[in-house]
Amino acid sequence: MQVDFALNILNSLPFGPLAFMLILPLVAGLVAYFAGKGARVITLLVTGIELVLSLLLVLAVDTSEILATDSVAGMQFVDYFVMGTIPVGATDTVFQFILGVDGLSAIMILLSNLVVFVAAISSNHINKSEGFYYALFMLLQTGLMGVFMSMDLIGFFIFWELVLIPMFFIIGRWGEEGSQHAAVKFFIYTHLGSAVMLVAFFMMYLIVGDATGTYTFALIGADGLRNTLPNLAPIVQIGLALAIFMGAGVKLPVWPLHNWLPWAHVKAPTPGSVILAGILLKMGGYTFIRLGLWLLPSAFARLSIVFAALAIFTCIYAAFTAMAQTDLKSLVAYTSINHMSWVLLGVAVAAFGIGLDPLNPANTGAINAANLALQGSIFMMFSHGTIISVMFIMAGQLKYSAGTREIPDIKGLMNKAPRLSAILILASFAAFGLPGFSGFIAEALIIFGSVVIYLWSAIITFGIFITVGYILWMLNRIVFSDPDPEKEVSDASWNDLIAPILMMIPVILLGVWPDLVLDFTQAVATFIIGGVAP
Amino acid sequence: MMLLQLGQIADIIRGILSPITNFLLTIVPPGWIMSLPALTLIFFAILALAVGLKYNPLGLSFIGLILAGLEMVMFDPAVLGAESFGGQFVRDPMADFFIYIILIVGFLVLMSSTLYGGDKGPYNFMLLISFAGAIWVVMATNLVGLFLAWELMSTPTYILVALGPGRKAIDGATKYFVMGLLATMLMVFGIALVYGVTGSTDLVVVASVVEGIWGMFATTPNAAYTILLAVVLFIASFGFKVGVFPGWQWVPDAYASADGSVTAYLAGGSKKTGVGALMRILVIGFVVAQTQWVFLIVVVAILTMIIGNVLALAQKDIMRMLAYSSIAMMGYLFIGIASAMDPAVNSVAYNLGVGAALFHAFTHALMKTAAFILVWVLSVRLAKRITYDDLAGLSKRAPLAAGLFAILMLSLAGMPLTVGFWSKLVLFQSAVVAGMWWLALIGLLNSVFSLGYYLRVLRYTYMMDAPDDSRIKLPAIPMAAVVICVIAVIALFLFPSIILDYAFAAVPVP
């Protein structure tokens, strides 16, 4: 679905469209640092421009079928930026950024810019060292987009790590009581995961280099790792896949690597929580798809059952834990774990489909189901990113309206704060997957795919059941209870409601028109499932 | 293809100064030419001592150092021959790489000395003599020359540490001196053993004799074992200066009690000479024994990383924390040396390992020199030893200092946007390429562990409120030194090839 005017605009940008999108926030961040009070205006402007650019990018991406013989695997706007060369061996090793997007990356970039834009709007309660805050904010935006654009391991790792620095400061400096500890915990946990992942990156570089004679970190291209990795011994690939699982699993997060998440999400300031839940978790999901299914398909196919079981356990575990929370933000944080485990289930099921022989007609049903589940995973990431942003903004808003986020202490919100309640109710419904909202489509796609392949994966519906239970129970306690005359509760001002209302638009739109996202990711999903069959 | 971007600048300087070069070539004896930078430093050291009786000699020191730097550029060893003093000292690419590190660190240290101590003659004298010794250490290809240069470099630093403020400086210096003497004894013993077995102290001759001994291992095992004992002694004695296991104990005491400028020199400059000398001995003299000494180096690397990181986490004093962190950093560097396999076996791993270690030596010199100068400046301004509590709210009291410190800490932790990222990346990559992925993993886990204390600095500076909000006024020239380093730290992330190419070009060809 290439739209010509979008393509023309993007191609007219200096440094190439992708590099321009990365550099713009960096430069704007520097300006914002010295702008003081004006920083907010600059940030809104730049994040707005980035949002428009990413919309254009989605429109400009070619979503026609990707051929298995394509050496760049359907990547477009590919650009190479060489950082340094190591003159060893027969071929020099190059440290470089390779930027490129396909439908999946473009959709993730759109999501990250959408969430960052909404988070920027909802930063209106930040009034301490604004220049520094917005500078970090835009550095964060660069890092996030870079992760989704990088088509080489070193660039990927740089952006992956770059995200940690601004997030650490945002959580620790602008968060609430106890946020410093949460910030350190967040940093060390995710850094630990990426350390293991980095060793896997080096191993890919070394083993493939020893086998083919070309030492490279590039994923795409004729010598790219995507073309050469599948030839390695299965046991090596499984080792690499487990290391990738460490890195991505911490971010997603998967039980037992999830411990940082409730801390970081609860203690962070509202915009910080929005970005954490809205995109940082999706970095994990995206890595599972890009460095897992896309790069190491056969290893993931072998690990499929393990991942599916882990996903289902995480879902139910997180649902039960969420039920026990009294802090609304904490409840929403566990809801995130609960929902992101669906992504892993979709990935695991898709991995099973990859392992099947597409030429055998008996497998057609299973392969189609795997395709469905993978699209569901991608859709789940987008939908969860939008829904959870609204939930976190509303949870943060309660602190200003009711003075607390403790569920037992808030009563009769419907009577005293109707506007706030209305949006909270809508978002909650979307969160547990009521038909008509995007969450439903995502869960339906994944479950329809997964039951065909693993019948027992239907147990995950038990997770939905509990989720519906605790969310309705939460609403019952704070929204529909009798007002407590002794407690002061004020309604949210329209100013504070701009961001959540804006974010509800995609939630409802995608609920009735899911093809808005699925049309762009279909080609990638088909390519991943069928492109590397034996 | 290699770029060596700075070559053009060097050509311009050579072009401008060519008349002076030609004049000097006529009056200076040919064997002295390559040692001229060190000789210049010695000349200016004596001059500074004399002038220092009445006037402030710091300007003279600056002139001496800049002249030495210019002489480095003017006399191209590729054209004029690299040997000096009959081949005792050689300016090969590796020596050049380390000499530039020493000169850059020296310049920064002199900038920092404007704040404290730099106005005295003896201080300048000793600093410059030590620089000259350091230059000869990294140039030495003969064990006797190496020993002499080593003493020339070390002896002044004992006194420099003792000159630091407060009674504690004497304690630190005593510890440093006693352990330094012990290390020297071990080195002499090692040299004697090598001489006894091989009949020579020239490293190239030693290398060929050792190769013969290894070839006849079955018939003359005793000679081989003697050589291995000498290697152990060398690792212990040079490792003392570098501050690695087992000789690290003096580091925190001497670093924390000395004048901060001297600490910056010890961490940034003299430490690198130990690295340079050890690398030269191991990869030129005893490269055939690589499979034997690599085990030792791996153990040293792992223990050093763990000791440095664990003890750094326990510190309250920032200077001591940085001292322990610099011990840990040398552990990372030793990963690179451990990856330097015999080039006949695996030349990729050899080049990558030595190159990574050289690159790390350079970046570590930048980061640690700046960090020590910064803490020293704060320490002088607040008139106390800096602990974490003193850093609270620094982002309000001195925003520039807080920002610079934050960048330096992130760089030491190896985060992107700083050159620390590349230097750790290449080190761990070299370990993986040498077939030691577990060593890379241990290094990475240590690197994660080290976040515990680096992030604590960021937490105090940026997230805590200060007990009093008064601004701290910082001196211009030392801060300029820190700013230069931090700009370099960021610029080298964006353009790592500026130094990376030189580091790999400096890998010695055995």
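Residues numbered from 1 in each chain as written. Chains lettered and ligands numbered in written order. Predicted model: local features only at pLDDT ≥ 70, side-chain atom pairs only at ≥ 80, totals over all residues.

Draft legend 1. Region of the structure containing the overall build of chain B. When its secondary structure is counted, chain B shows 22 helices and two strands. Computed over C-alpha atoms, the radius of gyration of chain B comes to 22 Å, within 12% of the 24 Å expected from 2.2 N^0.38 for 510 residues, which places it in the range of a compact globule. For chain B, the C-alpha atoms occupy an extent of roughly 75 × 55 × 50 Å along the three principal directions. A buried classification covers 61% of the 510 residues belonging to chain B. (Helix = DSSP H or I, 4+ residues; strand = E, 2+ residues; numbered from the N terminus. Rg over C-alpha atoms; globule rule 2.2 N^0.38 Å. Buried ≥ 20, exposed ≤ 12 C-beta atoms within 10 Å, placed from the backbone.)

Draft legend 2. Just the confidence of the model for chain B, in detail. When pLDDT is averaged along chain B, the result is 88, and 99% of the positions lie at 70 or above. As scored by the predictor, the complex reaches a pTM of 0.91 and an ipTM of 0.89. (pLDDT = per-residue confidence, 0-100.)

Draft legend 3. The nonpolar core, seen in detail. Counting 444 residues, the largest nonpolar core has Ile107 and Leu344 of chain A together with Leu374 of chain B as the members making the most contacts within it. At 23 residues, the largest contribution of residues to this core is made by helix H15 (residues 347–382) of chain B. Beyond its immediate stretch of four places on either side in the chain, Leu344 of chain A contacts Leu252, Val254, Phe288, Phe307, Leu310 and Ala311 of chain A. (Core = buried A, V, L, I, M, F, W, Y, C linked by C-beta atoms within 7 Å. Contact = placed C-beta atoms within 7 Å.)

Draft legend 4. Expanded view of the environment of Ile121 of chain A. Residue and element names in this part refer to chain A. Among the structural elements, Ile121 can be located in helix H4 (residues 103–121). Once the C-alpha coordinates of Ile121 and Tyr134 are considered, the two residues, 13 residues apart in sequence, prove to be 11 Å apart. Setting aside chain neighbours within four positions, we find Ile121 in contact with Leu44, Ile498 and Ala499.

Draft legend 5. Representation of the environment of Gly190 of chain B within the structure. Residues and elements named next belong to chain B. Among the secondary structure elements, Gly190 is positioned in helix H8 (residues 168–198). According to the C-beta neighbour criterion, Gly190 is buried, with 24 such atoms within 10 Å. For the pair Gly190 and Val232, spaced 42 residues apart in the sequence, the C-alpha separation amounts to 8.3 Å. With residues near it in sequence (within four places) discarded, Gly190 still touches Ala230, Leu233, Phe234 and Ser237.

Draft legend 6. Representation of helix H2 (residues 36–51) of chain B in the model. In a regular helix each residue adds 1.5 Å, so 16 residues correspond to 22 Å; H2 of chain B covers 22 Å between its end C-alpha atoms and thus fits that length. If you check which residues of H2 of chain B are buried, you get Pro37, Ala38, Thr40, Leu41, Phe44, Ala45, Ala48 and Leu49 of chain B. (Expected span 1.5 Å × (residues − 1).)

Draft legend 7. Layout of the packing of helix H14 (residues 318–339) of chain B against H15 of chain B. Residues and elements named next belong to chain B. Between H14 and H15, the shortest axis-to-axis distance is 7 Å and the interhelical angle comes to 170°. The angle between H14 and H15 places the two elements in the roughly antiparallel class. Residues belonging to the contact of H14 with H15 are distributed by class as follows: 16 nonpolar, six polar and one charged. (Axes fitted to C-alpha atoms, helices over the stretch in contact; angles between N-to-C directions. Parallel < 35°, antiparallel > 145°, perpendicular 65-115°, else oblique. Nonpolar A, V, L, I, M, F, W, Y, C, P; charged D, E, K, R; others polar.)

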